[in-house]
Amino acid sequence: MGWSLPAIESMKKMNRPFVVVSFSDFTDYAKENDIPFVGWNFREWNEKSNSLQLRELLEPFGVNVAVPLYEETVEWAGALNSLYRDDQRVLNRAWLFRHKGIMKRKALLAGLRVGLFEEVNTRDQVHNFMDRVNEANLQLPGEQDSWVHLKPFAAAGTVGHRLLRTKSDIDEKVQDSDFPCMVESHLPGKEFSCEAFIHNGKIRFLNITEYVKLGYSNFVPAGPELESKRPIIRDAMERLVKAFGIEYGMIHPEWFLTEDDTLSFGEVAARIPGGHIFELIEKAYGFDPIQGLVLCSDPSVTEEEIEAFFPSEKNNSIIAGSVMIYPKAGFISKLQIPDELKEDDYFETHTLYPPSEHKVPDDREGFGNHYGTIFFRGDNPERMKELLSHYQDIDFYV
Amino acid sequence: MVSTKTIPGQIKKTFLENLTRLYEASPIMNKEHTTKMLSSIDILSDSIEGLSFLFDHIGQVDAAGFFKNTMWEDPARLVPSLVEGTIGSGGHNTMYELMSELRMLAIAKGKLPGNKFGSSRAREFIEDVMVNNIDHVFPDASDEKRMADESVRNKVHLLFSFMLDHIAVDGIKERLATEIELICLQRPVVTDRVLEIIRTVKEKVTLDPANKIDRRLQHYVYAVYYPSVKARELEPGEYREFLEKADKPQLTRECEELGFTLRDTGLSSPYHAILLHRIANEPALLKKALVLDSTGRAELDKHEDFITGLITRTIHEDTSRSCYGLARVLERGLLSRQPVLSGLQRIMAVTLHPDIAAAIRKSRPGSVLDEKSILLAECLGILGQPIGIGQGWNPTCQSARGISLWSSYSPGKLLGMVETAAKTNNLTFRFEGHLIRSEELAPGLAAVLDYNLDAVSIVLVPHLDKIYSEMMKRAALRGEDPHKWVNPGMYGQWIPTGFISAYNDLTNTISGYETFLRTFYATHHPDFNGGQNLAYPNPVGIFLTSSTGKLIGFHAVSILRVRKNKGVTRVYMLNPNNEGRQRWQENMSPTVAGNGEIAGESSLPFHQFASRLYAFHFNPSDVSEPGSLEKVDADEIKKVYEIARNTWGESYVWTGEAPGVHI
């Protein structure tokens, strides 16, 4: 569910029957390229546009499993799978991923460490929340406010995320249209993500992605320091899977790890992760994660098939990393790739394209549109980290 | 020198991986994979080793669908003359174009089957590209200014060196010879480009006098570098010393030898300038050195002192190209026209405006001559070769056309403009009862002037361009093509008062095309206008089309004359675009020689020219008699209509009558 050329390609290679469900804008393209397709408006949900109608449209294709690719298709896939598996809770579980308030409460109930959080409707409530966090942190007069994160209930990744560092930030950064939403205390520690492929309630493959800079650069698999925590990460992941009742599919949670080995739960999504993580997984481990996602989403796939598909999580010597390039605000006219990059042994490819002269807006939603990505491949995680930190600060557009 | 880099780390491996992915992927994923390949190609094309790696894999690249759904998909549809612009544009276009050339090379060498496109056509394509990109074919002979981005330029240089290593230079020798001959046949005022080609031939190509093609090239190398037996032995400095002591028979011989190369090629060398200086006050020798016709000889006798002064003052090694201009000025009898003589005298006396002096200096940075002498010398070329005038790299066809028209028909007026602009850095034109002063106007079409121009154009074009743009502005929104008013305002009141345009710029449509065509035939074609010749050249507007007939834009040319040649009625025109030979469509290429063209003219069969025309002036009395339009042959009109409709006409909505219906 959702339009993705790489996903279509992966399905074709796998020789599994499929049908793409996405906005009707893609109808013509799908027809021209012989892609089985059903047009659907995921934004419309009413008595004439609901999962029962969608199921009917999909019947001619013999569909019995729905796989969400993007954030806005998660509850639709959940609703369909509820019907296919005749289990209402499948939809409820899908809702966990789509409402960050419910998600956090569920994690809390499962005994995972989460930040202090609250659902808010007004700016005053945000002020009150920050006051209470300050109070709990025993703030003295003149000390800085505690950081608070404001997030929409249902949005992918960093979209709509605002970091409020001070009380005055609340008045300056928060918009009326942000409400209702949730606020959350700042979690300390190093942020990273996991991608867990789950079949029949068990994690069949767990990847750990190390973030060099959130929203810019990451690499797979994580460096030795983070990989050495794999047992406690796996343990936390298993608790999460159990608590959320996830039986089939893939999840992509973000965690925070502090020096005393405490893991805090950030949030979790059940769709293809951003930041080219799937591409990196494919390069590092040599399997196609989209195919993995589809296999794991299908209850009828056998244990043997699953086992044969995923490689070992250990004994991997290839590290794949990427850094996304955003032009700095202002006028840009030219793409300039430094020779130093082209000559680097780790450099693989880039997808940067030359701009037509124009202005880059300085207000961005989330991290905005990046202009392309640079891919690296090598075997030394330290060097990978250095390269990624170095190139995220280089101006490729002048 | 071309810098060639080493190929880092895993670039080849990554390239092959992405190539495999592209090969295995269905077409929907092409873009994703090709984008990643382009980043490897970018690096590989920085070295000969990389190019050779790409060349080795070009068959697989093609088979994998790299060119699919791009404008490079079908080799048979590619146009050699467009390569230069695309390859220099940077980014993905440069990379695609480069890969396309490598594919062409592979087809030419029989390494890759080109389907319908055979290896001989591919070879021809590459030769065309090489000739068009002569600066890049021989790496250090490039015109550095042309391409802004150094890394792109380096890639292009490398590509051409690579191609040169893989395809024998002999293959392009003939093309080079033809190129040089056809440029010279047009007798351009500015000869930099052809001199550059000749220089590269001299430096990079081994010539064997036993070979016929080599002899053609050698002829030009000699004309420019060793125009006489003595010149072959002596450096210019030594040659000057030799001439000072030379006796009459020796001088006569030099005059004869140098005179021959000058008139045969239209090219002059420093030796020519040195010789003219030496014999400036010896009319009998001057006549020989310039190989003057009877008018020229009479002019020389009549204006002996003036010409001696003019040569002494202006003809120098740095201005040697004016030797040919001088010969032509004399043969046109221009000095016997009082406005020309006094115009030149006035320019001799003028004090240049500092900005004008600086602009002239900028165009000739190394010259030891003062700016005014340079300007004066260049006036000789402009006056002597009116249809050898070009617009250089500037979008100023109107201004170049104007200078050419004035040089032909009002040379005195032209010199007056040169003098005024040189003195005041301003030109004033009268337009519909109002004065337009260039110094008060913002820049016109050419925001930045490219200085690869003659000095007269450097002085005049910035002003003419502004004035033309201002006139166009004032005449806009009148519901008719503004050129109806602007052409007479710009070029002179001798432009006939009738004006007809097939293009309606308010509605962006083509309307009344049959009447338009019939009017053109009835006023211009000798079979329908009573066998009349044109009195004055006609500044007309044409649709500029690509080699496949697609609309590119509007262009200004002048119809100089209409004549029958070898049984075909042809239009002879001035194309200010520096080069009369551009293909306008399959089977439609103006020629510059072989069909009765005078040096500088290009020509097309009448109906082909008519099919590109969109606006022209005419004398209304020529079509005032009832039935004069109906006389025009209906089949002829239909033929033109079909050509127009199926080429540039596809870009427009057509309204009004269709041919054969009514008038």
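Worth saying up front: this structure is predicted, and the values here are computed from it rather than measured. (Residues numbered from 1 in each chain as written. Chains lettered and ligands numbered in written order. Predicted model: local features only at pLDDT ≥ 70, side-chain atom pairs only at ≥ 80, totals over all residues. Heavy atoms only, no water.)

## Remarks on the overall build of chain B
1) Next: Looking only at helices and strands, chain B features 30 helices and 11 strands.
2) Next: Relative to the 2.2 N^0.38 estimate, which gives 26 Å for 663 residues, the radius of gyration of chain B is 27 Å and therefore close to what a compact globule would have.
3) Next: Taken along the three principal axes of its C-alpha coordinates, chain B extends 80 × 75 × 50 Å.
4) Next: Burial status across chain B gives 59% buried among its 663 residues.
5) Next: Within chain B, contacts between residues separated by at least 24 positions form 71% of all contacts whose residues are at least 6 apart in sequence.
6) Next: With an accessible surface of roughly 26,600 Å², chain B has 50% of that area assigned to carbon and sulfur atoms. (Helix = DSSP H or I, 4+ residues; strand = E, 2+ residues; numbered from the N terminus. Rg over C-alpha atoms; globule rule 2.2 N^0.38 Å. Buried < 20%, exposed > 50% of the residue type's maximum accessible area, 1.4 Å probe, protein only. Contact = heavy atoms within 4.5 Å. Areas by Shrake-Rupley, 256 points an atom, 1.4 Å probe, with all protein chains shown as cover.)

## Description of the overall build of chain A
1) Next: Looking only at helices and strands, chain A has 15 helices and 16 strands in total.
2) Next: On C-alpha atoms alone, chain A measures out to a radius of gyration of 22 Å, which is about the 21 Å that the 2.2 N^0.38 rule sets for 398 residues.
3) Next: Principal-axis analysis of the C-alpha atoms gives chain A an extent of 65 × 50 × 45 Å.
4) Next: By the burial criterion, 53% of the 398 residues in chain A qualify as buried.
5) Next: Sequence separation of 24 or more characterises 66% of the internal contacts of chain A that already satisfy a separation of 6 or more.
6) Next: Accessible area of chain A: about 18,700 Å², with a carbon and sulfur share of 49%.

## A look at the pattern of salt bridges
Opposite charge on two side chains allows them to pair when their charged atoms are near.
1) Next: In this structure the tally under the stated criterion is 67 salt bridges over all chains.
2) Next: Between Glu-267 of chain A and Lys-100 of chain A there is a salt bridge, and its shortest N-O distance comes to 3.3 Å. Here Glu-267 of chain A, found in strand E11 (residues 263–269), pairs with Lys-100 of chain A, found in helix H6 (residues 100–109); they are 167 residues apart in sequence, far enough to count as distant. There is no split in this pair, since Glu-267 of chain A and Lys-100 of chain A are both buried.
3) Next: For Glu-174 of chain B, the salt bridge identified is with Arg-216 of chain B, shortest N-O distance 4.0 Å. A residue pair is termed long-range when its members are at least 10 positions apart, and Glu-174 of chain B in helix H10 (residues 170–185) and Arg-216 of chain B in helix H12 (residues 212–225) qualify at 42 residues.
4) Next: Accessibility expressed as a relative area gives 40% for Glu-174 of chain B, which makes it partly exposed.
5) Next: Among the charged side chains, a salt-bridge network with shared partners connects Lys-100, Lys-104, Lys-151, Glu-184 and Glu-267 of chain A. (Salt bridge = Lys/Arg side-chain N within 4 Å of Asp/Glu carboxyl O.)

## Overview of the side chain of Ser-410 of chain B
Residue and element names in this part refer to chain B.
1) Next: As for its position among the elements, Ser-410 is in the loop between helix H24 (397–409) and helix H25 (411–424).
2) Next: The exposure class of Ser-410 is buried, given its relative accessible area of 16%.
3) Next: In this structure, Ser-410 is in contact with Leu-405 and Trp-494, ignoring residues within four places of it in sequence.

## Some words on the interface of chain B and chain A
Buried accessible area, meaning the area lost when the parts come together, often serves as the stated size of an interface.
1) Next: Across the contact, 25 residues belong to chain B and 26 residues belong to chain A.
2) Next: Connecting chain B to chain A are 4 salt bridges.
3) Next: Linking chain B with chain A are 7 residue pairs in polar contact (both at pLDDT 80 or more).
4) Next: Taken together, the elements giving at least two residues each to the side of chain B that touches chain A come down to helix H1 (11–24), helix H2 (30–44) and helix H6 (91–108) of chain B.
5) Next: Here the side of chain B that touches chain A is built from residues that sort into 6 nonpolar, 10 polar and 9 charged. (Polar contact = N/O pair within 3.5 Å; in protein donor to acceptor, adjacent residues only side chain to side chain. Nonpolar A, V, L, I, M, F, W, Y, C, P; charged D, E, K, R; others polar.)

## Focus on the sheet that holds strand E5 (residues 509–511) of chain B
Sheet strands line up and pair through hydrogen bonds in the backbone, either parallel or antiparallel.
All names here are of chain B.
1) Next: One open sheet accounts for 3 strands, arranged E4-E5-E11; its pairing is mixed. In this open sheet, the two edge strands, each paired with only one partner strand, are strand E4 (503–504) and strand E11 (653–655).
2) Next: As paired strands, E4 and E5 are joined by 2 bridges and run antiparallel to one another. Note on E5: the bridge partner recorded for Tyr-503 is Ile-510. (Pairing = 2+ DSSP bridges.)

## Comments concerning helix H28 (residues 513–524) of chain B
Residue and element names in this part refer to chain B.
1) Next: Across its 12 residues, H28 extends 16 Å between first and last C-alpha, which sits within 8% of the 16 Å expected from 1.5 Å per residue.
2) Next: By the criterion of burial, H28 is predominantly enclosed, with 11 of the 12 residues buried.
3) Next: Of the positions making up H28, those classed as buried are Tyr-513, Glu-514, Phe-516, Leu-517, Arg-518, Thr-519, Phe-520, Tyr-521, Ala-522, Thr-523 and His-524. (Expected span 1.5 Å × (residues − 1).)

## What about the domain arrangement of chain A?
1) Next: Each assigned domain of chain A is listed with its residue range as follows: domain 1 (5–98), domain 2 (117–185), domain 3 (189–316) and domain 4 (321–391).
2) Next: Between the C-alpha centres of domain 1 of chain A and domain 2 of chain A the distance comes to 35 Å. (Domains from an automatic or database assignment.)

## Digging into the packing of aromatic side chains
Geometry of an aromatic ring pair is reported as the spacing of the ring centres plus the angle between the planes.
1) Next: Inspection of the entire model under this criterion finds 61 aromatic pairs over all chains.
2) Next: Aromatic pair Phe-309 of chain A and Phe-310 of chain A: ring centres 4.9 Å apart, planes at 85 degrees, arrangement edge-to-face. Summarising the burial analysis for this pair, Phe-309 of chain A and Phe-310 of chain A share the class buried.
3) Next: Ring centres 6.4 Å apart and planes at 35 degrees place the aromatic pair Phe-520 of chain B and Phe-609 of chain B in the tilted group. In this pair, Phe-520 of chain B sits in helix H28 while Phe-609 of chain B sits in helix H29 (residues 606–610), placing the two residues 89 residues apart along the sequence. By the burial criterion, Phe-520 of chain B is buried, and Phe-609 of chain B matches it.
4) Next: Lys-111 of chain B extends its terminal NZ or CZ atom over the ring of Phe-55 of chain B, reaching a point 4.0 Å from the ring centre.
5) Next: Looking at Lys-230 of chain B, its charged tip hangs above the ring of Phe-242 of chain B, at a distance of 5.2 Å from the centre. (Phe/Tyr/Trp six-rings, centres within 6.5 Å; stacked < 30°, edge-to-face > 60°. Lys NZ or Arg CZ within 6 Å of the ring centre and 35° of its normal.)

## Structural notes on the confidence of the model for chain A
1) Next: Within chain A, residue pLDDT values average 89, and 93% of them lie at 70 or more.
2) Next: The element-level mean pLDDT for chain A is lowest in strand E15 (residues 358–360) of chain A, coming to 43, with helix H12 (residues 289–297) of chain A highest at 96. (pLDDT = per-residue confidence, 0-100.)

## Looking at the environment of Glu-71 of chain A
Residues and elements named next belong to chain A.
1) Next: As for its position among the elements, Glu-71 is in the loop between helix H3 (51–58) and helix H4 (74–85).
2) Next: We classify Glu-71 as buried; its relative accessible area is 8%.
3) Next: Linking Glu-71 and Ala-155, residues 84 residues apart in sequence, is a C-alpha distance of 7.0 Å.

## Remarks on the environment of Ser-363 of chain B
Residues and elements named next belong to chain B.
1) Next: Relative to the helices and strands, Ser-363 is located in helix H22 (residues 354–363).
2) Next: A relative accessible area of 17% means that Ser-363 is categorised as buried.
3) Next: Ser-363 sits 69 residues away from Ser-294 along the chain, and the two C-alpha atoms are 35 Å apart.
4) Next: For Ser-363, the side chain forms a polar contact with the main-chain oxygen of Ile-360, separated by 2.7 Å.

## Quick look at the sheet that holds strand E9 (residues 602–605) of chain B
Residue and element names in this part refer to chain B.
1) Next: Taken in spatial order, the 6 strands line up as E3-E10-E6-E7-E8-E9 in an open sheet, and their pairing is antiparallel. Whereas interior strands pair on both sides, the edge strands pair on one side only; in this sheet they are strand E3 (498–501) and E9. If you compare each strand with its neighbour and ignore which way they point, the axes differ by 30 degrees on average.
2) Next: Where strand E7 (residues 551–565) and strand E8 (residues 568–574) come together, 7 bridges link them in antiparallel fashion. Bridge pairing links Arg-563 to Arg-570 in E8.
3) Next: Taken strand by strand, H24 contacts strand E6 (538–545), E7 and E8, and its axis lies near 25 degrees from that of E7.
4) Next: Packing against the sheet, helix H27 (residues 483–491) makes contact with E3, E6 and strand E10 (613–618), and its axis sits at approximately 55 degrees to E10. (Axes fitted to C-alpha atoms, helices over the stretch in contact; angles between N-to-C directions.)

## Brief notes about helix H23 (residues 371–384) of chain B
1) Next: Look at H23 of chain B: 20 Å from first C-alpha to last across 14 residues, which is about the 20 Å you get at 1.5 Å a residue.
2) Next: Counting buried positions along H23 of chain B gives 13 out of 14 residues, so the element sits mostly inside the fold.

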